[in-house]
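Coordinate analysis (summary)
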Amino acid sequence: MTGAEVAALDEAGLAAAAPEVAVFARAAPEDKIRLVAALQARGEIVAMTGDGVNDAPALKRADVGVAMGRGGTEAARQAAAMVLTDDNFASIVAAVREGRTVGDNIAKVIAWTLPTNIGEALCVVGAVLLGLSLPVSAAQLLWINTVTAVALGLTLAFEPAGRGVMARPPQRPDAPILPAATVRRMLLVGVLIAAIAFAGFEAALAAGEPVEQARTMAVNLIVGLEIAYLFTVRGAEERAFSPAPLAGTPAVWAGVGLVVLLQLAFTYAPPFQALFRTAPMGLLDWAMVLGAMGGFWAAMEAVKALGGRWRFAGRPGRSSMGGENGGERP
């Protein structure tokens, strides 16, 4: 459709033509703005590319204005939200891929952090409400948060792009980062972490172990379960019981290795024992921790098998990169 044909259309006609026409040629600056507005009225997120002074108004009106860095005018670059320094349209696709990867990783960090914190809090709150001994002390709880949030949670920020990251429709702008189904799973994870840690603490007390050793067991159980859940979150969009997430990344294994070393120091190093009132654990105790980690991971994968792959992002919207099915097409 040519610019003259666009100019002849009223707003209703342009709204009907905008999603159907693939190429608009020789459009006037005011027609470019009308095209952007017509697509936005349909709920689309519009990216506008341009290099001239006459493109500046439409670049400003679009959700993402993209100007040419080499051949573009200063007016276009000032009006745009993004500048292509290489004037290569393929860079737009690369930017979308990077943006989707970052969005996925933010959702994973949140989806790991919140339920693990819920589990830690429930350990204390549950004990207080039931009038029982605290399974972890305040100092030990601070230790867990400090160690795991840094060494485990941040590793998810370095996750590579997932399979098919460009083959799915874009996320709707109004979609919640954590859907209701994800929130329910997070609550389930928090309750399970608290229940397992509390059970380990009470079992150690029932076996005649001192409270220091029972609390050491509870702390290591919580940290171990958080490690197991890290791999569940990594494989959120994989099929249930897929071995792929267990392969890890250098960042993940560095974080897990650091946590293991810190927990060994927390359990056996005399300065840590004096500061956090911990006691050494035997091989049977560690076997219980490892068994709980494996059982917890299997339980989470079973939940996934019953409910399908876990998507931490919101519902998808219409695709602007290849149609309703989200096919990759720059």
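Criteria and cut-off values
Residues numbered from 1 in each chain as written. Predicted model: local features only at pLDDT ≥ 70, side-chain atom pairs only at ≥ 80, totals over all residues. Heavy atoms only, no water. Helix = DSSP H or I, 4+ residues; strand = E, 2+ residues; numbered from the N terminus. Polar contact = N/O pair within 3.5 Å; in protein donor to acceptor, adjacent residues only side chain to side chain. Contact = heavy atoms within 4.5 Å. Axes fitted to C-alpha atoms, helices over the stretch in contact; angles between N-to-C directions. Parallel < 35°, antiparallel > 145°, perpendicular 65-115°, else oblique. Left-handed = near helix turned anticlockwise from the far one by under 90°. Nonpolar A, V, L, I, M, F, W, Y, C, P; charged D, E, K, R; others polar. Expected span 1.5 Å × (residues − 1). Phe/Tyr/Trp six-rings, centres within 6.5 Å; stacked < 30°, edge-to-face > 60°. Buried < 20%, exposed > 50% of the residue type's maximum accessible area, 1.4 Å probe, protein only. Pairing = 2+ DSSP bridges. Salt bridge = Lys/Arg side-chain N within 4 Å of Asp/Glu carboxyl O. pLDDT = per-residue confidence, 0-100. Core = buried A, V, L, I, M, F, W, Y, C linked by side-chain atoms within 4.5 Å. Right-handed = clockwise from strand over helix to strand, strands pointing away. Patch = residues over 30% accessible without salt bridge, like charges linked within 9 Å, V, L, I, M, F, W, Y side chains within 5 Å. Areas by Shrake-Rupley, 256 points an atom, 1.4 Å probe, with all protein chains shown as cover.

**Overview of the side chain of threonine 148**
- Looking at where threonine 148 falls in the secondary structure, it is placed in helix α7 (residues 138-151).
- Among the polar contacts listed, one links the side chain of threonine 148 to the backbone oxygen of isoleucine 144, at a separation of 2.6 Å.
- Non-local contacts of threonine 148, meaning those with residues more than four positions away in its chain, are made with Trp112, Glu120, Gly153, Val223 and Glu226.

**Considering the packing of α7 against helix α9 (residues 211-234)**
- At their nearest, the axes of α7 and α9 sit 11 Å apart, and the two run at 25° to each other. Put simply, α7 runs roughly parallel to α9. For the element pair α7 and α9, the recorded crossing hand is right-handed. Residue-level contacts link Gln140, Trp143, Ile144 and Thr148 of α7 to Arg215, Val219, Ile222, Val223 and Glu226 of α9.
- Looking at the contact of α7 with α9 residue by residue, the classes come out as five nonpolar, two polar and two charged.

**Considering helix α6 (residues 90-130)**
- For α6, with 41 residues, the first-to-last C-alpha span of 60 Å sits near the 60 Å given by 1.5 Å per residue.
- Note on α6: the residue one or two positions beyond its end, glycine 131, has a positive phi of about 70°.

**Some remarks on the packing of aromatic side chains**
- The tally for this structure, following the rule as stated, stands at eight aromatic pairs.
- Measuring from ring centre to ring centre gives 5.5 Å for tryptophan 143 and phenylalanine 272, while their planes differ by 75°; the resulting arrangement is edge-to-face. Linking tryptophan 143 in helix α7 with phenylalanine 272 in helix α11 (residues 270-276), this pair joins segments that are 129 residues apart in sequence.
- Judged by centre distance (5.4 Å) and plane angle (45°), the rings of phenylalanine 231 and tryptophan 253 are tilted. Of this pair, phenylalanine 231 sits in helix α9 while tryptophan 253 sits in helix α10 (residues 250-268), placing them 22 residues apart in sequence.
- Its relative accessible area of 8% is what places phenylalanine 231 among the buried residues.
- In this structure an aromatic cluster arises from ring pairing among Trp143, Phe266, Phe272 and Phe276.

**Quick notes on α10**
- An ideal rise of 1.5 Å per residue puts 27 Å on 19 residues; α10 measures up with 27 Å between its terminal C-alpha atoms.
- The elements touched by buried residues of α10 are α7, α9, α11 and α12 (283-307).

**A closer look at the sheet that holds strand β3 (residues 82-84)**
- Read from one edge of the open sheet, three strands run β1-β2-β3, paired in parallel fashion. The open sheet has two free edges, formed respectively by β1 (47-50) and β3, since each of these has just one partner strand. Between one strand axis and the next, the sheet turns through 25° on average, direction left out of account.
- Across four bridges, β1 lies against strand β2 (residues 64-68) in parallel orientation. Counted as the bridge partner of alanine 47 is valine 64 from β2.
- Seen against the sheet, α6 touches β1, β2 and β3 and runs at an angle of roughly 135° to β3.

**A word on the pattern of salt bridges**
- Counting across every chain of the model gives nine salt bridges.
- Taking the shortest distance from any N to any O, the salt bridge between lysine 32 and aspartate 55 comes out at 2.4 Å. In this pair, lysine 32 is assigned in helix α3 (residues 29-41) and aspartate 55 in the loop between β1 and α4 (56-61), connecting sequence segments 23 residues apart. Taken individually, lysine 32 and aspartate 55 each receive the classification buried, so the pair is uniform in this respect.

**What about the confidence of the model for the protein?**
- Of all residues in the protein, 93% attain a pLDDT of 70 or more, and the chain-wide mean is 87.
- Taken as a whole, residues 314-330 scores under 50 in pLDDT and shows 46 contacts with residues more than four places along the chain or in a different chain.

**Here we look at the nonpolar core**
- Of all hydrophobic cores here, the largest spans 42 residues; its most connected members are Ile227 and Phe296.
- The greatest single-element share of this core, amounting to 14 residues, is contributed by α9.
- Leu59, Ala62, Ala67 and Ala76 belong to the second largest nonpolar core, which has 11 residues in total.

**Remarks on the pairing of β2**
- Most of β2 is tucked away: four of the five residues are buried.
- This β-α-β element, β1 to α4 to β2, shows right-handed connectivity.
- Relative to β3, β2 runs parallel, the two sharing three bridges. Bridging from a neighbouring strand, valine 66 pairs with methionine 82 of β3.
- Running through helix α5 (residues 74-79), the crossover from β2 to the neighbouring parallel element β3 is right-handed.

**Considerations on a nonpolar patch on the surface**
- Together, Val125, Leu129, Leu130 and Leu132 make up a nonpolar patch on the protein surface, roughly 410 Å² of accessible area in all.
- Here leucine 132 is to be found in the loop between α6 and α7.

**Topic: the packing of α6 against helix α8 (residues 180-206)**
- Relative to each other, α6 and α8 sit at 45°, their axes nearing to 7 Å. Here α6 is positioned oblique relative to α8, judged by the angle of their axes. The element α6 and its partner α8 pack so that their crossing is right-handed. On the side of α6, the interface is formed by Ile110, Ala111, Leu114, Pro115, Thr116, Ile118, Gly119, Leu122, Cys123 and Ala127, while α8 contributes Met186, Leu187, Val189, Gly190, Val191, Ile193, Ala194, Ala197 and Phe198.

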